[in-house]
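Topology and contacts: notes
Listed below, chain by chain, are the residues.
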Amino acid sequence: MNFRGSHILSVKQFDRDSVEQVFQVADGMEPYAHRLRMTKVLDGAILGNMFFEPSTRTRVSFGCAFNLLGGDVRETTDVKSSSITKGESLYDTARVISGYSDVIVMRHPQPGSVAEFAKASRVPVVNGGDGPNEHPSQALLDLYTIKKELHSNSRSIDGMRIAMVGDLKHGRTVHSLSQLLLLYKNIHFTLISPTELRMPESIVSNLQAAGHEVTETEEMERGLQDNDTVYLTRIQEERFDSKLEADIYRGRFRLDQAIYTRHCQPNTVIMHPLPRDSRADANELDNDLNQHPSLAIFRQTDNGVLVRMALFALILDVADKIEDTASEVSWYTESRFEE
Amino acid sequence: MNFRGSHILSVKQFDRDSVEQVFQVADGMEPYAHRLRMTKVLDGAILGNMFFEPSTRTRVSFGCAFNLLGGDVRETTDVKSSSITKGESLYDTARVISGYSDVIVMRHPQPGSVAEFAKASRVPVVNGGDGPNEHPSQALLDLYTIKKELHSNSRSIDGMRIAMVGDLKHGRTVHSLSQLLLLYKNIHFTLISPTELRMPESIVSNLQAAGHEVTETEEMERGLQDNDTVYLTRIQEERFDSKLEADIYRGRFRLDQAIYTRHCQPNTVIMHPLPRDSRADANELDNDLNQHPSLAIFRQTDNGVLVRMALFALILDVADKIEDTASEVSWYTESRFEE
Amino acid sequence: MNFRGSHILSVKQFDRDSVEQVFQVADGMEPYAHRLRMTKVLDGAILGNMFFEPSTRTRVSFGCAFNLLGGDVRETTDVKSSSITKGESLYDTARVISGYSDVIVMRHPQPGSVAEFAKASRVPVVNGGDGPNEHPSQALLDLYTIKKELHSNSRSIDGMRIAMVGDLKHGRTVHSLSQLLLLYKNIHFTLISPTELRMPESIVSNLQAAGHEVTETEEMERGLQDNDTVYLTRIQEERFDSKLEADIYRGRFRLDQAIYTRHCQPNTVIMHPLPRDSRADANELDNDLNQHPSLAIFRQTDNGVLVRMALFALILDVADKIEDTASEVSWYTESRFEE
């Protein structure tokens, strides 16, 4: 895959080499993201950060990644303030907005909308989430986190054992991560969910066709055993017909300190795409694990900045120019990141 | 007109020399807007981009223009988050906000509000649209587009023939463009609209008093003939008493490939202030013209950035310093703009 | 108090030396805030400007202060677009957002929320207002303004006479300002309010315990006499059970030119935290004083930028590096600020 000038719309665009190229560039971003150094490689460039659906976390993460490369960010956060409500087509929106920016990140509630937008755009477009469909930078940051966490445990993605837990039917992140893992070898998946919220059959069969082993279960405690990574998810209430229906499943699978100690291996990496639902009736990942060294959820979001910096650098073809404009940071930056 | 430190509130401020000065500076902005070069001439300056009425397109265009000159943008997008709802006067808002920025762009739903704001502001104010009243940068970018498009056809604004089509009663853009065209000579206007949505009589008589020729008609096909430019507009539903009333007129005047070929001259420039309403019942400018070389609607929005850069450069008196801080662009910028 | 890397959550953190350190650094910011010079000392740094409650003025003031130091701003303005509505804890929000920025300003409607957020944040947090609780930068800018205004009158904070007028029960700003004034000596407070909206008893007794003299009255005209400063406040309608209840008090205490001339000393400084309610039934500070040289309300908001620049510079430990990256400003900046 040639990143230069490309849209990033789907995890399906990636082969293993491309994924690893992103990760290698992301590794190089660490001194900049951790404010040990700064770079101005994109000084003068403009990101159009177009969020036609609310998302503070993802929006700020992309904006921050672009700023850290030295670029400026123009932003929209409200679908109602958009001309789309006056009958404007995505084609027109794309033609116009792509005249204002060097690269666009777009989130939109409608599946396929970002790809349609990209077809008309004159600049590269990154899919920041198109409803239940795709959110490729999230899948990349999840996999990047797994790679780094397992590396500390002297393990690798090939041959690992991962449990995915919760609403596997609606969870966009577990779908996309599974898709990326098709590029790797001999992985054992334990899919823990209520029967009604099982991973879609097509994904399971793709995993098996790729030579991976898949176990599906409703029994969390047995399913947790012998994994390198446990990936928890929230009940995606907004994808259910009613709150009542979501309530049936909420709080059914929970990980806390006691369960972790009893059923997981030591060093099992704990992941979650966030936000986690910490209300008493949900609480799929308990706060009593907040200080646990294997809790990787905030390293995950930190890695999101690295991966997004890498995507911008590759798309705009400056990955090998970062150092040219680099300098020391002179303001207070102590103890920010776990190194 | 001396631009240095001036407010830009109305097209009525402009004489022909001032308009042409804006266009000349806008021409010089092209290498920067098209990312062939970058400039930092406004490095350290702050634009207060105050939108008390939604408008993604205009807001981002102004913000982008300021970023391309090297400046920063502080922004507001929601009238409800403003102190105005707590009984604050425009005078107070202006005194306060003008302490935060070097220049302000303001959009507000109430006619005259931006001029009232400007009176109290300590920095120059650009009217980004005050309800149905004025939107001077739109009129300037429309005229700038006409000038450039006609120039490619070896024509000029003086002596041209232009058709304006649609809701000429409510269309702020055709009113302002007509006002600017009072500064030019021997233009033939064909005003195509339902009788109930005719161009206001005062504008028609001003055009005639300036020596222009005006033909009014309800027959689109005949009206389209022999024009250099066709300027289409959307039915301004939000200005009608009810959606039902707007429905009477929606879809009545449409331009598509077949009509264009049959009735327009070759090379007739097609313009529209955007957004165009592409819903099936409206569709005043059909998508089957999207690839037509005479469709200028996206060159229009691109020109908006040039014109807004020019206004900022003139108001802040840096038009002759752009080159001093200019440098090459090193990121991917291929095939963005039609040169 | 050591500012380096510290949270600024409450005025109670400050001793007199710390307050005066902020003021001294703020004095040094004037050439930068007034665009006589520019600095890039925070070039590359990112402010997370997190407003989970609307506030155009405070949000833009903080963002502008950070831009004036050369930094970038990432922003959120809407609580509904936040993961908090999906059950995310403040702990999680803080862990995540603090990975994106070098310093965070947070406003949130819930008292104590910002302190809770700060506990989990990996970067310094400035309280931008947590509901009726605290808004420390406002108190600092109020006191800074008093100091500068009295200095022009050859007076000082120690020994001054100040009248506070209006809704002293709900007014967060008069509470915080009173708290800061505990650090000073021999001040005479005249507290003018309806009995039902009196200053909380605990604050009055703290002032007395610190050796200040306090007079409480419902009679505005007598209360206004012999003061160095009059600090007016708006009836905080949003803190009442109903608009009707607020209406009882609205418009009861008003200052205008005639009252000022008759009852205040010449040069009595007029302050107001803004927004002032200029609707006819409220109008606590009349527009006929807008040109009065003792009206300090817009110097107050201008001072807000200086004080916020000082806080950022101290927290990020660059107060002594401002000059290192300073240069001249080359764009139009005439007659912006009263020097």
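Residues numbered from 1 in each chain as written. Chains lettered and ligands numbered in written order. Predicted model: local features only at pLDDT ≥ 70, side-chain atom pairs only at ≥ 80, totals over all residues.

1. Overview of helix α2 (residues 56-68) of chain C
Residues and elements named next belong to chain C.
- Spanning 13 residues, α2 covers 18 Å between terminal C-alpha atoms, matching the ideal 18 Å at 1.5 Å per step.
- With 13 of 13 residues buried, α2 lies mostly within the body of the structure.
- Downstream of α2 by one or two residues, Gly-70 has phi in the positive range, about 100 degrees. (Helix = DSSP H or I, 4+ residues; strand = E, 2+ residues; numbered from the N terminus. Expected span 1.5 Å × (residues − 1). Buried ≥ 20, exposed ≤ 12 C-beta atoms within 10 Å, placed from the backbone.)

2. Things to note about the environment of Gly-87 of chain B
- With respect to the element layout, Gly-87 of chain B can be found in the loop between β3 (72-76) and α3 (90-97).
- Residues Gly-87 of chain B and Ser-113 of chain B lie 26 residues apart in sequence; the distance between their C-alpha atoms is 15 Å.

3. Considerations on the environment of Pro-136 of chain A
Residues and elements named next belong to chain A.
- Residue placement: Pro-136 occurs in helix α5 (residues 136-152).
- By the C-beta count within 10 Å, which is 24 here, Pro-136 ends up buried.
- On a C-alpha basis, the gap between Pro-136 and Asp-27 in space is 18 Å, while along the polypeptide they are 109 residues apart.
- Excluding anything up to four places from it in sequence, Pro-136 contacts Ile-8, Ser-10, Val-11, Asn-127 and Ser-176. (Contact = placed C-beta atoms within 7 Å.)

4. Let's talk about the interface of chain B and chain A
- Taken together, the contact pairs 31 residues of chain B with 34 residues of chain A.
- Contributions of two or more residues to the side of chain B that touches chain A are made by α2 (56-68) and α11 (297-315) of chain B.
- Among the elements that line the side of chain B that touches chain A, the one with the most residues is α2 of chain B, at 7 residues.

5. Some points on the sheet that holds strand β3 (residues 72-76) of chain C
- On the basis of which strands lie adjacent, the open sheet formed by 4 strands has the order β3-β2-β4-β5 (chain C) and parallel pairing. Each end of this open sheet is capped by a strand with a single partner; those strands are β3 and β5 (125-130) of chain C. Direction aside, the axes of adjacent strands within the sheet are offset by 15 degrees on average.
- Relative to β3 of chain C, strand β2 (residues 46-51) of chain C runs parallel, the two being bridged by 5 bridges. Paired with Gly-48 of chain C across the bridge in β3 of chain C is Arg-74 of chain C.
- In the packing of helix α2 (residues 56-68) of chain A onto the sheet, contacts are made with β2 and β3 of chain C, and the angle to β3 of chain C comes to roughly 175 degrees.
- Against the sheet, helix α4 (residues 113-120) of chain C makes contact with β4 (103-108) and β5 of chain C, and its axis sits at roughly 160 degrees relative to β5 of chain C, the strand it touches most. (Pairing = 2+ DSSP bridges. Axes fitted to C-alpha atoms, helices over the stretch in contact; angles between N-to-C directions.)

6. Quick look at the pairing of strand β8 (residues 213-217) of chain A
- Where strand β7 (residues 188-192) of chain A and β8 of chain A come together, 5 bridges link them in parallel fashion. Opposite Leu-191 of chain A, over in β8 of chain A, you have Glu-216 of chain A as the bridge partner.

7. A look at the interface of chain C and chain B
- In this complex, chain C contributes 30 residues to the contact, which on the side of chain B involves 33 residues.
- Top contributing element to the side of chain C that touches chain B by residue count: α2 of chain C, with 7 residues.
- In terms of residue class, the side of chain C that touches chain B is made up of 12 nonpolar, 10 polar and 8 charged. (Nonpolar A, V, L, I, M, F, W, Y, C, P; charged D, E, K, R; others polar.)

8. Some words on the domain arrangement of chain A
All names here are of chain A.
- Annotation of chain A at the domain level lists domain 1 (11-134 + 303-328) and domain 2 (137-298).
- Computed from C-alpha coordinates alone, the two centres of domain 1 and domain 2 are separated by 27 Å.
- Contacts between the two partners involve 18 residues from domain 1 and, on the opposite side, 16 residues from domain 2.
- At the level of elements, α1 (16-33) and α11 (297-315) are the ones that each hand at least two residues to the side of domain 1 that touches domain 2.
- Here the side of domain 1 that touches domain 2 is composed, by residue class, of 10 nonpolar, 2 polar and 6 charged. (Domains from an automatic or database assignment.)

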